[in-house]
Each structure stands twice: as structure tokens, then as C-alpha cells.
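Architecture and fold: a report
So you can see what is in the structure, the chains are spelled out below.
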There are 2 protein chains.
Amino acid sequence: MNLNLYGYQNQWIIVDMGMTFGHKLGIDLIVPSIRYLEGKNILGIVATHGHEDHIGAIPYLWEKVQCPIYATPFTSILIKRKLMEAYIDDSILHTLSLNARFDLGPFDIQLITMTHSILEPNALAIRTPKGNIFHTGDWKLDPNPLIGESTDWKAIESFAKEGILAVVSDSTNALEEGSTPSEMEARHEISHAIAGHKQTVAITCFASNVARLESIVHAAHEHGRKPVIVGRSLWKMLDAAQSSGYLKNLPAVYDEDDFNSIAPSERLVVCTGSQGEPRSALFKMATGQHPRVKLAFGDVVIFSSRVIPGNEIEVSKVRNHLSRLGVHIITPRGTSLHVSGHPSQDDLKELYKWLKPRICIPVHGEHRHMKAHARIAEELGVSYTFIPQNGQALSIKEDGVEVIEEFEAIPCAVDGNQVVPLNHQTFRDRHKLMMSGVVLASLWIDKKGELLEAYVDCMGVYEVDDGMFDRLEDAVFMCYEGLTMDGNIPSLTTIEEKVRALLRQEIMTYTGKKPVCVVHVMEDK
Amino acid sequence: MNLNLYGYQNQWIIVDMGMTFGHKLGIDLIVPSIRYLEGKNILGIVATHGHEDHIGAIPYLWEKVQCPIYATPFTSILIKRKLMEAYIDDSILHTLSLNARFDLGPFDIQLITMTHSILEPNALAIRTPKGNIFHTGDWKLDPNPLIGESTDWKAIESFAKEGILAVVSDSTNALEEGSTPSEMEARHEISHAIAGHKQTVAITCFASNVARLESIVHAAHEHGRKPVIVGRSLWKMLDAAQSSGYLKNLPAVYDEDDFNSIAPSERLVVCTGSQGEPRSALFKMATGQHPRVKLAFGDVVIFSSRVIPGNEIEVSKVRNHLSRLGVHIITPRGTSLHVSGHPSQDDLKELYKWLKPRICIPVHGEHRHMKAHARIAEELGVSYTFIPQNGQALSIKEDGVEVIEEFEAIPCAVDGNQVVPLNHQTFRDRHKLMMSGVVLASLWIDKKGELLEAYVDCMGVYEVDDGMFDRLEDAVFMCYEGLTMDGNIPSLTTIEEKVRALLRQEIMTYTGKKPVCVVHVMEDK
């Protein structure tokens, strides 16, 4: 997830505000910490492009920054939807033309068109009183992006001539040799993969890759098939693309209601679910749960997508469901059925040759990707590289980069309607509950110090035999008897502690686990 | 995880009793269901080899089957340790010689040596009154397994001549073209990767691959380095190998206490942790937590292992920690630094050419692997293939396979000291607790029907502001007041229900989440 800040004399701009998916139970959606922004003068959010890891946190974090948002038309439509769903007035959203140049306080910002796996990826040429920054956003060098503009080399060249202090760039594929294949290669490979089948063919891809969708639609018509688009997010992306002027001449497409009326040999289903998401179209199709789209023995499913790390098991599950149906699966392994949207080593080299910055600050990648990126920049003669860590405030100067402040940038989970730091006690407590369950005991002691009632309830504790939970209540009575044998009535705290210790120990003996235990003691005085 | 049963006239043998790791929070270790075995006459467990997915469940499930265990020397040592740790008397463990042939009731069982990524992998030639079964266990065709015996082609040929009814075989790599490279290739590649470095080199691999360990030790000496073995499970495997007669001439090895006294250029650390396990040697080294073994800027870490699906994020984490230390990472991608232990398509073909069974029953793999395996067998002229599902009891006859019984084979988690089916209410409850936390409320009502006390405790519920939890107690009082406004005292059940609904709704309004809620009401009558 991406959120970058540029500041000058306490005037700040935010570049991107992205989210990421959690891979732990109960943590679905993670957004960046914005504690650093508290009390700061924020001039605006500039979105480089419309991927979730660049704009997805806006609906969750915007309330806390309350500033204008700037984006090009396609990205703007995607953001607008998010604002509407979060009941945020979209008058704060400003739609920029491609190649726009505008001022935000001391920052003179120019959008420079790049290529990527989504429409309208922009680099930002940020001119500041202290020097020029080239913030790449996500990019690749695609000579043939199929739809949308090509890389604006003229603007890059002209900005480079002004002299670039620092490049802040995408490191995702810095460990990959060579250059990233063009989207055109995926188009050819998809057409090839669809050819020759006699039954239904389905293909799944990332919904946001509109060029890919167009390729699939073209391939369908090329092979005498009708493209049937299945899955809400594909339709949303198609609509966003057409609303912002793309895909005007797209051949006819069909929806799931048309599926049955098209002969199997004439269907090409395009569907969501490339990551094995259990609510996606493909998962429903693979498990026979889709109300309209049914796959049969001998059908074909093509994965035009990579597996995002952390999703391996989910993807494997959906593939096995397909296999059980007798569906033939075509994965992208060893082919160009999917091509990346990020620069490989030769692409990075190419860009650095044009930009010739003094400083390289790798971002967008894990540490080893950023390190490989820095090494490449160094090889290309960049005199200073700096691998930043989350939460570092850097001073960028002619002679290098200095860390001037470090703050704890703990990512936050979107938890219900709240944004909660991942290191919060709430999650630690839930973790304990998940590991061993919970016991609630309530004790009621009368004026004479006699224990009248003891209720014990367990949740998530394994009952090893039928009487175990009942015996816990008996044990509480016996424990209390022991405590009061000498006629004294212990303090509430002592009773609570002793009963808690007893219950945890008893359950430990039965099950080998010590659950969380809460004891309520009520005493009549 | 593997557990196969063969039965004839209610006499049963168990082939392997393996475990697997859970990838969900709170579920570490999963073992197969053995409910089907209840009340059955079990003659013994035969272990094909010593990998955890073939013997790891023995300590957890043996009590329920209480039968003899049969294994070859190396595997036997590994099982013996498990029995000791579980306080099971090891007199039930019978050590077999390689190539042993013995009877278990109606089953005449012959061990046939195969090759795999561990010592002493055995196929079972099972002669029964109804036909011969070749149960492969895990295998590859390695012409050069480096240590241990080679594939016993003579025994295979001779068994094939008797006529084989069915082959039950490993499907893991049935989607891989060609043949699986020999362990010898890994040996060469490791030697190559170690060469030329000037500082500490570390290498991580699966501890159970003793041939790999030997290769690394040899490579160390070849390059003038001293092999330093770090990690308990590597030492345990080395000890098991030497105790069963292997690695008698292994060159000198060192332990972590020697690390500091060896010059960096002369160290080759062999360590556990190839899967990024947080308690492993490599993880501790990567995070600077290892008490003795320290890595420095410019050191090298070689991964001589693949990433097991589900471990991608953990492996990525340890690699990023290493990257932060400035350690150079060498992964096996595109090399033979790791080679698989399972048969690729050409290996499967080779085996079927020799065995010529009537029936092929693919096991050990996901559905799409088993399906690819079946397809290969069919191509080779096997007249009948059957892809089994967990929980199916099959009747194997001359003319094919019939499902004669299906039972619910729900895998079980090892939870504390209990073995609990994964679909048990305990796990569903813990899942709910993890998603939203828990609220515990106790109410105390006196003889007049007055609410004297109300305690509310939240665990894993996010407190959106400082007073939220206190206000919940106030809300309970107000709720009770509302319930008793007309002078009636509602039933305990009604009070419980109303208070539970109130608390869940209140918390939902604050946090957007409805926690589990337990209410105890005590009434003085």
C-alpha cells in the first residue's frame, strides 16, 4: 500500500493513499498510519493511478485529513465511487486532464503519462524550491499499451533537462532480469490459448486491467465467440473506462443472463476471481454455485493473471474445484498469458539513463527489491541512493538524503467502522481468544459469605467429555469452600484471582490449553 | 498428510500416518480422521518413510489404534523419538531390514527400495488373496541418490512379473514435464554457489534431506570451509542417519559454539529455517537474535529448498530481514540448488512401463495433480484409473474400482492435548471470537426485582473512546429499567436475551462489529 508525503515549510502533499489486504484471520483490509499528519497543513492528495494499493484507503482515511483530491479522469471515476459509498461529498475531488500541470502551495506538479497495467498511470514531476523530484508511481515501459497513451518521453526528456534532484520509483520487479513484456504479448498469447477449443472457454484476469479485458473481447470475436462478462468489478471497470472515453469501439459484450442462450462453442466467459476469492464469479462457477454460469466436463479455464503472494492456497483451492468438474486449466506459467505492470531491470536502467538524477529513492517493493533497485541506479551512475523505511521523514538535499525524524508508522486494520492500529490491544486479545477460547464465571456471594450460585460458560473451549463443563462449576464451589474454610471471607480480588487460576488450570489439565478467563464476583454486603 | 488403509475380511493395515501444518491462526498441526477405524481389527502401521507427512501423526493417533508399527532402521529411529516424547512404550515398534518381506494377516508385504528426498523410502509390494498392489510411497527415479540404496529395479521387475492389480502412487509432480533432476545436480549446483565468496556463507535446506546435508558438508571442505551445523532438527537428522549406519565417513562438522573461532571466509553455516519459520536458526540469524551465529553485511545466504505453498509470506519476511542486514540472497529459482523428491511426468511413465498394472489409483497430490497422473497412466495403457476422495472406501477388483462406502473424513487439529475435528463447534466459536471479540455481562437482581449490579467486560472489542465501556454498563441499567417499567419482572431468559441484544447492538453502533455476548443473570428469589 502506498502513501507518500512531500513537505516544504509545513505545507504537505500526499501522493496516493492505498490499502492492502490482510492475510490473517479477522484482518481483511489494512491502511497506512497517518498519525504523522496530525496537525499538519495538508494541501491535497494526488493520486497517480487507480489501483487499490494507491487509492483504496481514501474512504477510510479521508475524514482525518479533509483535503482536496486530484486525479485524472479514469482514476477520478474510481475515487468518486469510493467517496459516494463512504458518504463523503465528492466536491473535494478535482479531475485533472492528462499532462496537467498545477500548483499546490510551493509544489509545481506536472503529470507525466507512463504505462502500467491500468489506464492513466501518471508519474509526477514535482518542482519544489529545493529541487525537482520525479515520482514515478507504478510504471513499466510498454511500447504497445494497447489502450490509453504511451509513455510521454518528450515530457520526461524535458523535465530531465531541468535537472532532477531525486527519483522516487517503483521497485516491484527490480529482481527480474531483462525488460517486462508488453501488454501486446498477452494479447497474442490469449488469442492463441482460446483457439481450437470446442466447448465453453472462460478466462479470468485482474478487473482493473482494461487493456486485458479489451484483448479478451477482441480474441473472442476473432475466434467466433461471444464475450460474456461475469463479475461486478469487471463491469464497474468497463463502465469507468467507457465513461472516461476509452473502449468506444469495443465489439459487443454480453452478460451472465445471455450465457445460456449462447452455444458452448461460442462462449468466452471473462470473469473475476483470479486470486481464488471465495465470493468471486470464478469460485462460484468452480463450485457449481453460480446461478447462471455453469461449467461442464471438458470446458477450459484460462488464468490470465499471476498469483499475488499470500493467495497461493486460495488459488490452489479454486483450481482443484475446477479440476473436480473436469475442467481443463491453463495457467500463465512459462507463457505471456499474464504480463507484469512493473519495470524489470532493463526498464529501470532505461529510465535512469533518461532521468540522470542525483539521488535514487527506491519505494514500492520489499526490502530486497528496493536494494536491487538501488544497485541498478548506482550502476547507472546515480551518485546517491537511499532505501527508506516506513515512518522515516527524509530531508532531500543536493548532497544526499538525511533522516530527520522517525515515527512509529504502524499500519491500521479497517475493523468494522473503525481504523485500528495493528499493534492495538484489541487484536492481541482476539489472538488470545482464537488460540484458546474464553471462560466466563459469575459468582454470587450472600451476606453470610456463602456462595449461592456459580455460573461458568465456555466459548471456544473443547469439552473433552460430556460432563466437563458441569464439573467446572463444581470445582468453583469446592475452590470457594477451600478459601473460606477458616471462616474468613477473602477479598473480592482474591476470590476472582483464585477462581480464575483454578478454572484455567482445570481446563489446562483437560485440554492442554489455558483459555482467557473473566470472573465476576457479586457480594451482598 | 498420508494415511492409507488396506483391508481384507475386516483385517486392516495402515500405511503411513502423517500430519500436515495448518495455515490458519490457532491451528498448527493437522492429522487425519481415523473414525473409520473404530471397532476395526487393525494389524499394524507400516511406515513407507520418515517424512512428517507420513509419520508425524503417530504420536497423536496411536493411542486410538494401539497396534504394532513397522519401519526400516532410519524411519524407525525417527518414530521411536516421537513415541518417547509422547510417552508411548516403543516395544510396539518393529524395525525391518531394507527389502524385508513379512506377513500381516492376509497381507504379504514386501519393501521395495525407491529413491526420494529422504533416506530409506520404500514402496510396498502388497500381495493379497485378491491381487497384488504396488503402493509407491513418495518416490522419484534418481540414478544417483548419493547416499542410501538406488531404486530396486530387480524387485520391481520381479513383482511386475507376478502381475499387478493396482498401483497406488505419488502424484505431487504430475503436472511437471520431463523428469525430476537427480540429487547429484543439487550437489554440483551447491558447490558452484558456494565458490568465490570471501565472507560467511550460510545455506538452508530441509533437515530431513540427509543427502543434501552431506553435499553441503562436502562442498564446504571442497572450498576450504568448515561446515557449521546450526538448528536442532539438522542435528537430530544427522544423528538418526549415523545411528542407522549412514554418513560413516562424513568429514568433520562443527556446531554453533565453533562459529566465532572460525574465520568468516572459512565458515559454511548449514541451518534450518528454509520456510521462514520464526523459531528457526535462519530467522534468528536474520533478525540478529541468534546467540552465537551472526551475519554481517556482504555475507551470503543460499536457499537450497523450495517454498512450500502457504509459506510464501513467511519466507519473504526472512529474506527481507536478510536484505536489511546487507546479506546477499541466492534463491533456487532457475537452478538446481533444490531438486524435488517426487516423480515428474517422464518418471511416472517410466514406472508404469515397468509395472503394467490393470488399475492406477493416484494419491498424494491435489485433485489436478491426481488427474494429470491418471491421464499419464491412461496414455501408458493402464485400462482403469480412479481418483479417490478422502473418506472413500474402495473395492479393488480385476474389472475396476468401486466405492463401497463413504464416510466423513474431517481432518483433526492437534489442539493442546486433544485431537479435535476441524469442523467442531470449538473452532467455529473461536473464529467468531477472533472476528469480533467477546462481551461478558453479569447482572444481579434482588428479591424486589431491582438490578443491584451489572458488570460488563469486553475482550477484543475496540473502545472507540475512553468512556465507551462504562457507558455499556449504564446502558444495561437503562435496559433493565425499561424491561421492568410496568412493574413486572421478566423471566431470566428474557432478561438475558434483551441484555445480549442491547450490548451487541450498542457495540455495533460504536465499532461496526457485533461481538459474541454471554450474559449471566442471578436472581434472588
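Residues numbered from 1 in each chain as written. Chains lettered and ligands numbered in written order. Predicted model: local features only at pLDDT ≥ 70, side-chain atom pairs only at ≥ 80, totals over all residues.

Some remarks on the relation of the copies chain B and chain A
With an RMSD of 0.1 Å, the fit of chain B onto chain A corresponds to turning through 180° and sliding 0.0 Å along the axis. The operation mapping one copy onto its partner corresponds to a two-fold rotation axis. Across chain B, the smallest distance between a C-alpha and the rotation axis is recorded for B:M434, namely 2.6 Å. Same-surface contact between copies: 100% of interface residues of chain B are shared with the interface of chain A. (Least-squares fit on C-alpha atoms with pLDDT ≥ 70 in both. Contact = placed C-beta atoms within 7 Å.)

Thoughts on unusual backbone geometry
Residue and element names in this part refer to chain A. The backbone of Q9 shows a phi angle near 50°, a positive value even though the residue is not glycine. Checked against the element boundaries, Q9 lands in the loop between β1 (4-8) and β2 (11-15). The class of Q9 is exposed, set by 9 C-beta atoms lying within 10 Å. Residue Y87 is not a glycine yet carries a positive backbone phi of 55°. Inspection of the secondary structure assignment puts Y87 in the loop between α3 (73-85) and β7 (93-95). In this structure Y87 comes out as exposed when scored by C-beta crowding, with 7 C-beta atoms within 10 Å. (Helix = DSSP H or I, 4+ residues; strand = E, 2+ residues; numbered from the N terminus. Buried ≥ 20, exposed ≤ 12 C-beta atoms within 10 Å, placed from the backbone.)

Some thoughts on the confidence of the model for chain A
On average, residues of chain A score 96 in pLDDT, and 100% of them reach the 70 mark or higher. Scored by ipTM, the complex comes to 0.91, with pTM at 0.92. (pLDDT = per-residue confidence, 0-100.)

Some remarks on the nonpolar core
With 120 residues, the main nonpolar core has B:I13, B:V31, B:L61, B:I203, B:I216, B:L268 and B:V270 as its most contacted residues. Broken down by element, the residue count for this core peaks at 7 residues, all from helix α6 (residues 210-222) of chain B. Viewed by domain, this core spans two of them, domain 1 (4-178 + 340-421) and domain 2 (183-330) of chain B, each represented by three or more residues. Once residues within four sequence positions are removed from consideration, B:I13 is found in contact with B:Y6, B:L43, B:G44, B:V46, B:L104 and B:F107. Counting 119 residues, the second largest nonpolar core, distinct from the first, contains A:M19, A:L104, A:V315 and A:V327. (Core = buried A, V, L, I, M, F, W, Y, C linked by C-beta atoms within 7 Å. Domains from an automatic or database assignment.)

Details of the domain arrangement of chain A
All names here are of chain A. Domain parsing of chain A yields domain 1 (4-178 + 340-421), domain 2 (183-330) and domain 3 (425-523). Its C-alpha centre places domain 1 at a distance of 31 Å from the equivalent point of domain 2. Listed by partner, the interface residues are 16 residues for domain 1 and 16 residues for domain 2.

As for the sheet that holds strand β26 (residues 451-459) of chain A
All names here are of chain A. Spatial ordering of the open sheet is given by β26-β25-β27, a layout of 3 strands whose pairing is mixed. Strands with a single pairing partner mark the edges of an open sheet, and in this sheet they are β26 and β27 (516-523). Recorded for the sheet is a direction-independent mean angle of 10° between the axes of neighbouring strands. Two elements, strand β25 (residues 438-445) and β26, share 8 bridges in a ladder whose sense is antiparallel. For S442, the partnering residue across the bridge sits in β26 and is Y455. Contacting β25 and β26, helix α13 (residues 468-483) crosses the sheet at an angle of about 140° to β26. (Pairing = 2+ DSSP bridges. Axes fitted to C-alpha atoms, helices over the stretch in contact; angles between N-to-C directions.)

A closer look at helix α2 (residues 58-65) of chain A
All names here are of chain A. Residues I58, P59, Y60, L61 and W62 constitute the buried set of α2. Among the structural elements, β4 (27-31), α1 (52-55), β6 (69-71), α3, β23 (412-415) and β24 (418-421) are those in contact with the buried residues of α2. Looking one or two residues past α2, Q66 carries a phi angle of roughly 45°, positive in sign.

Regarding the packing of α13(A) against helix α14 (residues 492-511) of chain A
All names here are of chain A. Their axes nearest at 10 Å, the elements α13 and α14 cross at an angle of 140°. One element, α13, and the other, α14, form an angle in the oblique class. Here α13 runs over α14; the crossing is right-handed. Here α13 contributes M468, L472, A475, V476, C479 and L483 to the contact with α14, which in turn contributes I495, K498, V499, L502, L503, E506 and Y510. The residue makeup of the contact of α13 with α14, split by class, is 11 nonpolar, no polar and 2 charged. (Parallel < 35°, antiparallel > 145°, perpendicular 65-115°, else oblique. Left-handed = near helix turned anticlockwise from the far one by under 90°. Nonpolar A, V, L, I, M, F, W, Y, C, P; charged D, E, K, R; others polar.)

Observations concerning the interface of chain B and chain A
In this complex, chain B contributes 49 residues to the contact, which on the side of chain A involves 49 residues. If you list the elements that add at least two residues to the side of chain B that touches chain A, you get β3 (20-24), α9 (312-325), α11 (367-379), β24 (418-421), α12 (425-436), β25 (438-445), β26 (451-459) and β27 (516-523) of chain B. With 7 residues, the top contributor of residues to the side of chain B that touches chain A is α9(B). Looking at side-chain class alone, the side of chain B that touches chain A contains 19 nonpolar, 17 polar and 13 charged residues.

A word on the pairing of strand β9 (residues 107-113) of chain B
All names here are of chain B. With 5 of its 7 residues buried, β9 lies for the most part within the structure. Pairing geometry for strand β8 (residues 101-104) and β9, over 4 bridges, is antiparallel. When the sheet's bridge partners are listed, F102 is paired in β9 with I109. The antiparallel pairing of β8 with β9 creates a hairpin that spans 2 residues between the two strands, and G105 there sits at a positive phi of about 55°.

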